[in-house]
There are 2 protein chains.
Amino acid sequence: MAAEWRPDCAPQVASAAAPALLAVDWGTTALRGALLAEGGVVLAERSSPRGLLCVPAGGWGAAFEAEFGDWLAAGPDLPCLMAGMVGSRQGWAEAPYCACPAGPLDLVAQLLWLQPGRLAIVPGLSTEAGGLPDVMRGEETQVFGALALLGLSDATLVLPGTHSKWVTVQGGCITGFATHMTGECFALFRQHSILARTLPATGAAAAAEAWVPEAFDRGVLQAQAAGGLLHHLFAVRALSLFDRLDAASGASLLSGLVIGEELRAQALPARARVSGVVVIGSATLSTRYHRALGLLGVPVQTVGTQATWHGLAALMASRTGTLAA
Amino acid sequence: MAAEWRPDCAPQVASAAAPALLAVDWGTTALRGALLAEGGVVLAERSSPRGLLCVPAGGWGAAFEAEFGDWLAAGPDLPCLMAGMVGSRQGWAEAPYCACPAGPLDLVAQLLWLQPGRLAIVPGLSTEAGGLPDVMRGEETQVFGALALLGLSDATLVLPGTHSKWVTVQGGCITGFATHMTGECFALFRQHSILARTLPATGAAAAAEAWVPEAFDRGVLQAQAAGGLLHHLFAVRALSLFDRLDAASGASLLSGLVIGEELRAQALPARARVSGVVVIGSATLSTRYHRALGLLGVPVQTVGTQATWHGLAALMASRTGTLAA
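Keep in mind it's a predicted model, so treat the numbers as computed, not measured.

(A) Spatial organisation of the overall build of chain A. What chain A contains, in helices and strands, is 10 helices and 14 strands. For a compact globule of 325 residues, the expected C-alpha radius of gyration is about 20 Å, and chain A comes in at 21 Å, within 12% of that figure. Relative to its 325 residues, chain A shows a buried fraction of 54%. Of the contacts made within chain A by residues no fewer than 6 positions apart, 62% connect residues no fewer than 24 positions apart. Carbon and sulfur atoms make up 57% of the accessible area of chain A, which totals about 13600 Å². Put simply, chain A has 19 plus and 24 minus side-chain charges, and the middle of one group is 6 Å from the middle of the other.

The following block contains the structure:
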C-alpha cells in the first residue's frame, strides 16, 4: 500500500542519520545499492545496468568502486553486504551454497568476506528433493527481508522472475524451495517459437506489451486442466488459425498458461491455500501472480523489491545485534 | 526391420509395373514423392529439401514440375495426391480442415482438386476438446496408412516430431487428437535456454548428438514425478552446477524430460496401456518413444515414414476401388 501523503510531515527518509550499511543486490543484468541507517532506514538508493554480464574478468573491484565510490568516500569504514549472482562461479568470488534448512544465522556464519569486517558476499542456498538439487542466489535475502517486514516465521513465498522460486519457511528457517523456469520459457515461447508468428512483434520494451486480463485468466485456468503445458501451448496457435484469438490477447494468454502451469505444478499445500502466499517482486510480475493465485482461491500478500534491503539489514543485525528495524 | 539380403532374388521393387499414383508428402522443410503401382507397391522414391519455406509465392507449380516433371512426362495421365502443409494457408492452396470424427471417405470427399481428376491436396483434420481447437496436416494420411499396414481399426497412435500428435482411432475413424509442441520445445531449450550453456555446442547435425540411454531414461522417469516441466528443466542446470551431470548426458536427459512430460500429460488411457500404442515416424524418434513408452509399461508397435505412401494409396483406393494393397 502506498503511504498516505502528509504535507505537514517531513519525508520518511532520515537524511541526517549516519549510514550504517551499504546494501548491494548484484545480479546478472543489474546492480542496485542502498545506503541504510541504523534500523534499516533507506538513506539513498541507486541502480544501474552494470550487471554481471557487463563486468570484464578481473574488473569487479573497479566496477564496485565506479558505482559506489562516492558513498564509500563519505564513510570509509562503512560495512557492505552483497547478495545475488555476484557470489556465483561467474561472479566476483564464488560463495559456496549454504544447505537448507537455513536461517539468517546460517547465512551470517557462511558470509564470504572479501575484506574482513568490511565487504562480504551472502551465500546462496541449496536444497535437495527427489534426488535432485536446486539452488538460489539473492532470493534467500529477499525472503528473510519479507519475513522481517511482515513479522512472519512460517510462510510459503514465491519470487517470480526468469527463474521463479517457491520457498517454504518454517520456524524462521528456509526448509526447502523449488525453481521454475517460467519467465525464461515465456520469453522463449513468446519470441522464438512458432507462436511468435501470430503474436505482435516484440519491441525493446516488453513491459509495454498489451495486457488483456481476460486472456491471462483464460490461460491460468486452462493450465489447470488436463493436457500439460506442451499441449496447451499449441492451442495459442490453433485458436489463431481459426481467428478465435486476437493478436493483442495472445501474449497475455501465453503468460497465463506458463504462470498457471507453475501454480498447477507447485501443487500448493493445503496450508498455503488457507494462510496464503507471499509474493515478492516487481509490481508488474507481482500483479500477475496475485491475480493468478486469486483465481485459484489462494490469499496473497505482496512485498516489493525493497525486501532485499530489509534482508541485508536483518543479516547485519543478526551479526552485530544492531541495525534491524 | 531391414530386409534380409538375398543375392539370388530380384529387388523387391517391381520396376516393370505401371505407375498408378504419384504420392507426395510436402511439408514445411522437405518435399518427398513416390511412384506407386497398383496395390501400393513403391516403384521409385525421392526427396529434397524443397519444403514450403523454399517455395516463393506463386512458385508452387514450377517447384512441383521441377521435382516430378520427369515422372509426369512418363505418365501424363498419372493422378497425384499430396498431403502435408502444402494444403495450409501458407501452402499451394488452402484445403479447409475436415472435422473429426473423420475416416478415409471423409478425406476423399473433401479432397481439394487443383486439376480435376489429376492433382489434389488431402485436407488436414481439426478437432475440438475442452473448448479449444487442434489441427493436423499430413499426419492423418500417415495414420490411415499405418492402420492399413497393421490391419487395425481401433488404435492409439503417436506421431513424434516438432509437433507430436496423439491420435485416437475407433472403428476406422480418427475420433480425436492432441498436439504437443515437444520437438520444438526441446530445440528451444537445447539451443536457446540457459541450459544450452552447460551442454555441448550444437553442430549442424543434431542427429550426431551424443545419445546416453541412461540419462534419457532418468529424464522420462523424472517427468512422471511431481514438480512439472518448468521445474524439472532447472534440474539440468542444478545438476551441472554440482558436477553431477556430465555434459554429454545433458541433451539426452533433456530429451527424456520433454518426451516424458508429453507421455505424462497425455495420460494414456487404460486401453492403450493394454493394447499398446502405434508409433509412426523416423527411426531416431521412434526409438526414443518406443523406449520411453516401454519404461512406462506400454506395449509399442512402430511404423516408418512409408506410412504416408500407404495412406495416400488407401485414400486413392477409397476413391477408385483400386490400388490399395
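Moving on from the model shown.
(B) Seen up close, the relation of the copies chain B and chain A. For these two chains of identical sequence, chain B goes onto chain A by a turn of 180 degrees and a shift of 0.0 Å along the axis, with RMSD 0.0 Å. Both copies of the chain, as the preceding transformation shows, are related through a two-fold rotation axis. Of the C-alpha atoms belonging to chain B, the one lying closest to the rotation axis is found on Leu 188 of chain B, 3.5 Å away. Interface residue correspondence from chain B to chain A reaches 100%, placing this contact among same-surface, isologous pairings.

(C) Helix H7 (residues 247–266) of chain A, seen in detail. Residues and elements named next belong to chain A. Here H7 is 20 residues long and its end C-alpha atoms lie 30 Å apart, about the 28 Å a rise of 1.5 Å per residue gives. Most of H7 sits inside the fold, with 16 of its 20 residues counted as buried. One or two residues past the end of H7 sits Ala 267, with phi positive at roughly 45 degrees.

(D) Summary view of helix H6 (residues 229–241) of chain A. All names here are of chain A. Between the first and last C-alpha of H6 there are 19 Å, a value that for 13 residues agrees with the 18 Å anticipated at 1.5 Å per step. Burial within H6 is extensive, with 13 of its 13 residues counted as buried. With its phi angle positive at about 55 degrees, Asp 243 sits one or two positions after the end of H6.

(E) Representation of the packing of aromatic side chains within the structure. Residue and element names in this part refer to chain B. If you walk through the whole model with that rule in mind, you get 15 aromatic pairs over all chains. Aromatic pair Phe 64 and Trp 92: ring centres 5.7 Å apart, planes at 55 degrees, arrangement tilted. Highlighted residues: Phe 64 in helix H1 (residues 60–74) and Trp 92 in the loop between strand E4 (80–83) and strand E5 (98–99), separated in sequence by 28 residues. Relative accessible area serves as the criterion here: at 7%, Phe 64 is assigned to the buried category. The class of Trp 92 is partly exposed, set by a relative accessible area of 23%.

(F) Local environment of the domain arrangement of chain A. Segmenting chain A into domains produces domain 1 (19–138 + 309–320) and domain 2 (182–303). When each unit is reduced to the centre of its C-alpha atoms, the spacing between domain 1 of chain A and domain 2 of chain A is 31 Å.

(G) A look at unusual backbone geometry. All names here are of chain A. The omega torsion of the bond from Cys 100 to Pro 101 falls at 0 degrees, within 30 degrees of zero and hence cis. When you line up the elements, Pro 101 lands in the loop between strand E5 (98–99) and helix H2 (104–109). Its identity is not glycine, yet Asp 243 carries a phi of approximately 55 degrees, on the positive side. As for its position among the elements, Asp 243 is in the loop between H6 and H7.

(H) Up close: the pairing of strand E14 (residues 300–303) of chain B. All names here are of chain B. Sheet topology note: the strand E13 (residues 277–280)/E14 ladder contains four bridges and is parallel. Paired with Val 278 across the strands is Gln 301, a residue of E14. At this point the chain moves from E13, through helix H9 (residues 283–295), to the parallel E14, and the crossover so formed is right-handed.

(I) Spatial organisation of the sheet that holds strand E12 (residues 173–180) of chain A. Residue and element names in this part refer to chain A. In spatial order, the strands read E12-E11-E10-E13-E14; together these five strands make up an open sheet with mixed pairing. Single-partner strands in this sheet number two, and they are E12 and strand E14 (300–303). For this sheet, the mean inter-axis angle between neighbouring strands, taken without regard to orientation, is 25 degrees. Packed on one face of the sheet, helix H3 (residues 139–150) meets strand E10 (155–159), strand E11 (164–170), E12, strand E13 (277–280) and E14 and runs near 130 degrees to E10.

(J) The arrangement of the interface of chain B and chain A in detail. The interface of chain B with chain A comprises 45 residues on the first partner and 45 residues on the second. Carbon and sulfur atoms make up 68% of the surface buried where chain B meets chain A, a total of about 4000 Å² over both sides. Of all residues in chain B, Met 181, Leu 230 and Phe 234 of chain B give up the largest surface area on contact with chain A, accounting jointly for 18% of the area buried on that side. Here Arg 244 of chain B and Glu 128 of chain A are joined by a salt bridge, their closest N and O atoms 2.8 Å apart. Taken together, the elements giving at least two residues each to the side of chain B that touches chain A come down to strand E8 (125–129), strand E9 (132–136), strand E12 (173–180), helix H4 (182–192), helix H5 (213–224), helix H6 (229–241) and helix H7 (247–266) of chain B. Of the residues contributing to the side of chain B that touches chain A, the split by class is 22 nonpolar, 13 polar and 10 charged.

(K) Seen up close, the confidence of the model for chain A. Residues and elements named next belong to chain A. For chain A, per-residue confidence averages 91 on the pLDDT scale, and 92% of positions sit at 70 or higher. Counting interchain partners and residues more than four positions distant, the pLDDT-below-50 stretch residues 1–14 has six contacts. Interface confidence for the predicted complex, expressed as ipTM, amounts to 0.90; the pTM equals 0.90.

(L) How the structure looks around the sheet that holds strand E11 (residues 164–170) of chain B. Spatially, five strands are ordered E12-E11-E10-E13-E14 (chain B) in an open sheet, and the strand pairing comes out mixed. With partners counted over all chains shown, the strands left at the sheet margins are E12 and E14 of chain B, one partner each. Strand-to-strand twist across the sheet, computed as the mean angle between neighbouring axes with direction ignored, equals 25 degrees. Here seven bridges tie E11 of chain B to E12 of chain B, and the two strands are oriented antiparallel to one another. Bridging from a neighbouring strand, Val 167 of chain B pairs with Phe 177 of chain B of E12 of chain B. H6 of chain A rests against E11 and E12 of chain B of the sheet, and its axis sits at about 100 degrees to E12 of chain B.

(M) Fine view of the nonpolar core. Counting residues in hydrophobic clusters, the biggest one holds 52 residues, and the most contacted among them are Phe 189 and Leu 233 of chain A together with Phe 189 and Leu 233 of chain B. Not counting the four nearest positions on each side in its chain, Leu 233 of chain A is found in contact with Phe 189, Leu 195, Leu 254 and Leu 257 of chain A together with Met 181 and Cys 185 of chain B.

(N) Expanded view of the side chain of Thr 308 of chain B. Here Thr 308 of chain B is to be found in helix H10 (residues 307–320). Thr 308 of chain B has contacts with Asp 25, Arg 32, Thr 141 and Gln 142 of chain B, leaving out every residue within four places of it along the chain.

(O) Seen up close, the pattern of salt bridges. All names here are of chain A. Under the defined criterion, the tally for this structure stands at 14 salt bridges over all chains. Asp 70 is the partner of Arg 46 in a salt bridge, and the nearest nitrogen-oxygen pair spans 2.9 Å. Of this pair, Arg 46 sits in strand E3 (residues 42–48) while Asp 70 is found in helix H1 (residues 60–74), placing the two residues 24 residues apart along the sequence. The salt bridge partner of Asp 217 is Arg 291, with a shortest N-O separation of 2.7 Å. Taken as a pair, Asp 217 in helix H5 (residues 213–224) and Arg 291 in helix H9 (residues 283–295) lie far apart in primary sequence, 74 residues in all.

(P) Just the state of the cysteines, in detail. All told, the structure shown has zero disulfides over all chains when counted by the stated rule. Free cysteine: Cys 54 of chain B, not disulfide-bonded; nearest cysteine sulfur from Cys 80 of chain B at 19 Å.

Quick notes on the rules
Residues numbered from 1 in each chain as written. Chains lettered and ligands numbered in written order. Predicted model: local features only at pLDDT ≥ 70, side-chain atom pairs only at ≥ 80, totals over all residues. Heavy atoms only, no water. Helix = DSSP H or I, 4+ residues; strand = E, 2+ residues; numbered from the N terminus. Rg over C-alpha atoms; globule rule 2.2 N^0.38 Å. Buried < 20%, exposed > 50% of the residue type's maximum accessible area, 1.4 Å probe, protein only. Contact = heavy atoms within 4.5 Å. Areas by Shrake-Rupley, 256 points an atom, 1.4 Å probe, with all protein chains shown as cover. Lys, Arg positive; Asp, Glu negative; His and termini not counted. Charge placed at Lys NZ, Arg CZ, Asp CG, Glu CD. Least-squares fit on C-alpha atoms with pLDDT ≥ 70 in both. Expected span 1.5 Å × (residues − 1). Phe/Tyr/Trp six-rings, centres within 6.5 Å; stacked < 30°, edge-to-face > 60°. Domains from an automatic or database assignment. Pairing = 2+ DSSP bridges. Right-handed = clockwise from strand over helix to strand, strands pointing away. Axes fitted to C-alpha atoms, helices over the stretch in contact; angles between N-to-C directions. Buried area = accessible area lost by both parts, 1.4 Å probe. Salt bridge = Lys/Arg side-chain N within 4 Å of Asp/Glu carboxyl O. Nonpolar A, V, L, I, M, F, W, Y, C, P; charged D, E, K, R; others polar. pLDDT = per-residue confidence, 0-100. Core = buried A, V, L, I, M, F, W, Y, C linked by side-chain atoms within 4.5 Å. Disulfide = S-S within 2.5 Å.

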